[in-house]
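Single-letter residue listing:
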Protein chains: 2
Amino acid sequence: MTVDPVIELEMQCRRAKLASRKLAYTGIAAKNSALENIAADLLSQKETILEANAIDQLEARKIGMAPAMLDRLALTPYTIDLIAADVRSVGGLPDPIGEIFDMRTLSNGLTLGKKRVPLGVIAAIYESRPNVTVDITALCLKAGNAVILRGGKETINSNRALVKIIIGALERAGIDPNVVQFIDNTDRSLVPHLLKMNDRIDLVIPRGGTGLIKFVKENSTIPVVAGGAGVCHTFVDASARIDRAVAIVYNAKVQKPSACNALDTILVHREIAAAFLPKAAAELANTGVELHCDPRSMAILGSQPELKLVSAVDEDWGKEFLALTAAVKVVDSLDEALDHIAAYGDGHSEAIITEDYSNAQRFLNEVDAAAVYVNSSTRFTDGAQFGLGAEVGISTQKMHARGPLGLKEITSYKWLVYGSGQTRP
Amino acid sequence: MTVDPVIELEMQCRRAKLASRKLAYTGIAAKNSALENIAADLLSQKETILEANAIDQLEARKIGMAPAMLDRLALTPYTIDLIAADVRSVGGLPDPIGEIFDMRTLSNGLTLGKKRVPLGVIAAIYESRPNVTVDITALCLKAGNAVILRGGKETINSNRALVKIIIGALERAGIDPNVVQFIDNTDRSLVPHLLKMNDRIDLVIPRGGTGLIKFVKENSTIPVVAGGAGVCHTFVDASARIDRAVAIVYNAKVQKPSACNALDTILVHREIAAAFLPKAAAELANTGVELHCDPRSMAILGSQPELKLVSAVDEDWGKEFLALTAAVKVVDSLDEALDHIAAYGDGHSEAIITEDYSNAQRFLNEVDAAAVYVNSSTRFTDGAQFGLGAEVGISTQKMHARGPLGLKEITSYKWLVYGSGQTRP
């Protein structure tokens, strides 16, 4: 007798919700012990994981998976070491749960405040990276949340091996293994059902391409926190120090072009364009960056034969390149830069390079983005770089949490009210 | 030539988004001056408002609207005074915007922290209460948010008059009136379109019945904060002081039975049931409360002829009565009470009446609700009562904000990063 997959899914969500009740007030010792068990077992059972992963790789090659995807899918002894080290590092972070804040006594004698508690049950929907299985489980567990894992079908064998290890590690730490529910069914038609279980699931985190994120946002009745794209501008103001501006623009574009916080568009004030652009472009050309130039920047750079220049088209503004490509535009004023960012930015990371105090303040005030920088590379928008320890993702929405999501950002709070017989008049 | 209503709606959302940019950094003086103008104009244009409201009332009577609905719809000189006073009281609250917090300097010299900013654009979808038009506008404005108003068709004339006053008041305060967009079209088929405008709208607040809230949650691609029902339990523990327990239970049930934080179910420990229940039931009977009793409480109370008793059915557990009715159940232990609350509560407000320290602590730790009380009436779950000044609603979800939503809860933050040339290694 087979169970209807939708009913099986509902049962899994119910088990997660039930198990999350106790996990919510499980102490840090048990949670850390589970994390240490996971790390140790990943290392001691490397061969089992690699065998399972080899099957996934074989299948992926058969269906002609693209090299970049294959790369994400592949585990090696070294990457398993890294995953285990990440789990241990989560274990070393302070417990986000239990903090009491905003506590005060009202005139009627009620003492009340907020206590940080887990969100409850988090569903993660992700694609072909098996490391996400361990990574998101470790973060959810540390913050006291049950997790429902729905990975891509390409990594089903790797995920099964990893989840088996996680379950064993939880049991040895005395934590109900129902706090981790792995959806061992890669039928895509189940996902819309999962996204409607708002009675059992408190948050959905989609991790993957823009298609997945869009699908989840449009079909979920559960709150979603999703990062998505990052179209990042750096505005080089008239008063910028040119050496600093060149170094920052170069770093923001080149240090990791595939990152969502990498530079996409350089905006430069017309008064400094002729001095700044040739130096910046020469530096960027050393790493093979292609520049998509508006007419004014093309007029300045067009005579440098070593550069890779293309005339910008409308689609270049507001485009996330994720490659060694940047759009360049000369603007007449800070206002024009602010308008351009408002029109084309998507609220991720934006920077101004300036020595002008008032312009720096205006930029910080008026740009509406998760992170707004003065005289710095935008590459710092990251949980670890911002000092949050770990990162579940980066939110470009304004609800709940904005920017890097650390452990605290996958928690909620409840109001505690200590009375002595109070009734409402 | 008529404009397609969907395109007109899109244009309104776009205008709101655009106008929200400047409102986000508009100072408190202009915002408060707009609020004062609104309050003054409501008072000076009372006659115009009442005339418009009279037309709505006439229409409503024609279609045979129920008296309770008619009551919500009706404005009087006195209710307009109250609305104006509420606007002035919002004006008197501190500005929630601009607070800087969690600021620190990292080892690389970057100084970073968070600045409280408005959410951006909030859409309010509500039913037949015209006061919501002013109320939600005042709160959004104070927190720097543009607002899109979609009221019920029953109040269209009142809403038009109120919005006209608001627009004039904004203009006199030098604030772009586009920050308030009134959808002057009550065709219900427009609502699903509105709920898909996640590029222009940051938050949707549905205010109305559970049907409206369910519809919005299921159809919105925009984050939703909705309260909804409140099934509230009060558990009278074995060690409770009986006088205190009686007073609290009475207050929680009777002080305002139609409120979402009113008591629905009394759980009572078997050791105290025979002493507590007759006293509590007698008190509740003075106000005509009907009790739906489980067999054990019925055995205790059944011989009191002055009581209104009914045998409880399964549907009574987890039911929000919104009336002078309460369910009563005798439980064997704190654990049974906790399990009952976990099974039937919906995360609003839950209370324990006890003199036992450990049981109080367990209740506070283990109950998962927006507000958890010891020895107090649950009727205090309210923005004003909790000291938040004003209230947009009460959230029973865990994302973003939980419990009463004050001005701070309709804000977000952005990361400010002050650099001096930092690049990422």
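- An unreviewed UniProt entry lists chain A under the name Gamma-glutamyl phosphate reductase, with Dehalogenimonas etheniformans as the source organism.
- As recorded by UniProt, the Catalytic activity (unreviewed entry) comment attached to chain A reads in full: "L-glutamate 5-semialdehyde + phosphate + NADP(+) = L-glutamyl 5-phosphate + NADPH + H(+)".
- The UniProt entry for chain A carries the following comment under Subcellular location (unreviewed entry): "Cytoplasm".

### Comments concerning the sheet that holds strand 16 (residues 411–422) of chain A
Thought 1: Pairing within the open sheet is mixed, and its ten strands lie in the order 1(A)-2(A)-16(A)-13(B)-12(B)-7(B)-8(B)-11(B)-9(B)-10(B). With one partner strand each, in any of the chains shown, strand 1 (100–105) of chain A together with strand 10 (308–311) of chain B form the two edges of the open sheet. The mean inter-strand angle of the sheet, taken between neighbouring strand axes irrespective of direction, is 20°.
Thought 2: With four bridges joining them, strand 9 (residues 290–293) of chain B and strand 10 of chain B adopt parallel strand pairing.

### Examining the pattern of salt bridges
Thought 1: Per the stated rule, a full pass over the model turns up 42 salt bridges over all chains.
Thought 2: Linking Arg 116 of chain A and Glu 99 of chain A is a salt bridge whose minimum nitrogen-to-oxygen distance equals 2.9 Å. You can see Arg 116 of chain A sitting in strand 2 (residues 111–118) and its partner Glu 99 of chain A sitting in the loop between helix 5 (77–91) and strand 1, a full 17 residues away along the chain.
Thought 3: For Arg 116 of chain A, a relative accessible area of 9% gives the class buried.
Thought 4: Of the residues examined, Glu 99 of chain A reaches a relative accessible area of 39% and is grouped as partly exposed.
Thought 5: Residue Lys 114 of chain A is joined to Glu 409 of chain B by a salt bridge in which the shortest nitrogen-to-oxygen separation is 4.0 Å. In this pair, Lys 114 of chain A is assigned in strand 2 and Glu 409 of chain B in the loop between strand 15 (403–405) and strand 16 (411–422), connecting two distinct chains.
Thought 6: A residue is classified by how much of its surface remains accessible, and Lys 114 of chain A, at 5% relative accessible area, is buried.

### Quick notes on empty space enclosed by the protein
Residues and elements named next belong to chain B.
Thought 1: The full count for this structure, using the stated rule, is one cavity of 30 Å³ or more.
Thought 2: A volume near 30 Å³ is recorded for the largest cavity.
Thought 3: Together, Leu 9, Arg 150, Ile 183, Asn 185, Asp 187, Leu 190, Val 191 and Leu 194 line the largest cavity.
Thought 4: At three residues, helix 8 (residues 190–194) tops the list of elements feeding residues into the lining of the largest cavity.
Thought 5: Residue classes in the lining of the largest cavity are distributed as five nonpolar, one polar and two charged.

### Focus: the environment of Gly 120 of chain A
Thought 1: Within the fold, Gly 120 of chain A resides in the loop between strand 2 and strand 3 (121–126).
Thought 2: Along the primary structure Gly 120 of chain A and Ala 19 of chain A are separated by 101 residues, whereas in three dimensions their C-alpha atoms are 9.4 Å apart.

### Looking at helix 14 (residues 357–366) of chain B
Thought 1: Inspection of helix 14 of chain B places Asn 359, Ala 360, Phe 363, Leu 364 and Glu 366 of chain B among the buried residues, and these make up the whole buried set.
Thought 2: The secondary structure elements touched by the buried residues of helix 14 of chain B are strand 16 of chain A together with strand 7 (232–236), helix 13 (334–344), strand 12 (349–353) and strand 13 (371–376) of chain B.
Thought 3: Where helix 14 of chain B begins, the side chain of Asp 356 of chain B points an oxygen toward the backbone nitrogen of Ser 358 of chain B, at a separation of 3.0 Å.

Criteria and thresholds
Sequence order as written defines residue numbering, which begins from 1 separately in each chain. By the order in which they are written, chains take letters starting at A while ligands take numbers starting at 1. This being a predicted model, a pLDDT of at least 70 is required before a residue's local features are given, and a value of 80 or more before pairs of side-chain atoms are given or counted; all residues contribute to the totals for chains, interfaces and linings. The side-chain numbers reported here are obtained from all heavy atoms of the structure, hydrogens and water having been left aside. UniProt positions are given in the numbering used here, feature names are shortened, and annotations may be inferred rather than shown by experiment. Whether two strands pair depends on DSSP finding at least two bridges between them. Each helix is a run of H or I in the DSSP string that is no shorter than four residues. Each strand is a run of E no shorter than two, and both are numbered from the N terminus. Note on geometry: axes are lines fitted to C-alpha atoms, helical ones only across the stretch in contact, with angles between N-to-C directions running from 0 to 180 degrees. Here, a salt bridge means any side-chain nitrogen of Lys or Arg that lies within 4 Å of a carboxyl oxygen of Asp or Glu. The rule is simple: take the accessible area with a 1.4 Å probe, protein chains only, and divide by the maximum for that residue type; under 20% is buried, over 50% is exposed, in between is partly exposed. In this analysis a 1.4 Å probe is tested at points of a 1 Å grid over the protein atoms alone, and where it fits but cannot get out there is a cavity; an open set with protein on both sides within 12 Å along at least five of seven lines is a pocket; lining residues have an atom within 4 Å of a point. Grid points are joined across faces, edges and corners, and a volume is the space filled by probe spheres set on the points. Ten residue types, Ala, Val, Leu, Ile, Met, Phe, Trp, Tyr, Cys and Pro, are classed as nonpolar, four, Asp, Glu, Lys and Arg, as charged, and the remainder, Gly among them, as polar. By definition, residues are in contact when any of their heavy atoms lie within 4.5 Å. Whenever two N or O atoms come within 3.5 Å, that pair is a polar contact, provided that in protein one can donate a hydrogen and the other can accept it, and provided that, for residues adjacent in sequence, both atoms are side-chain atoms.

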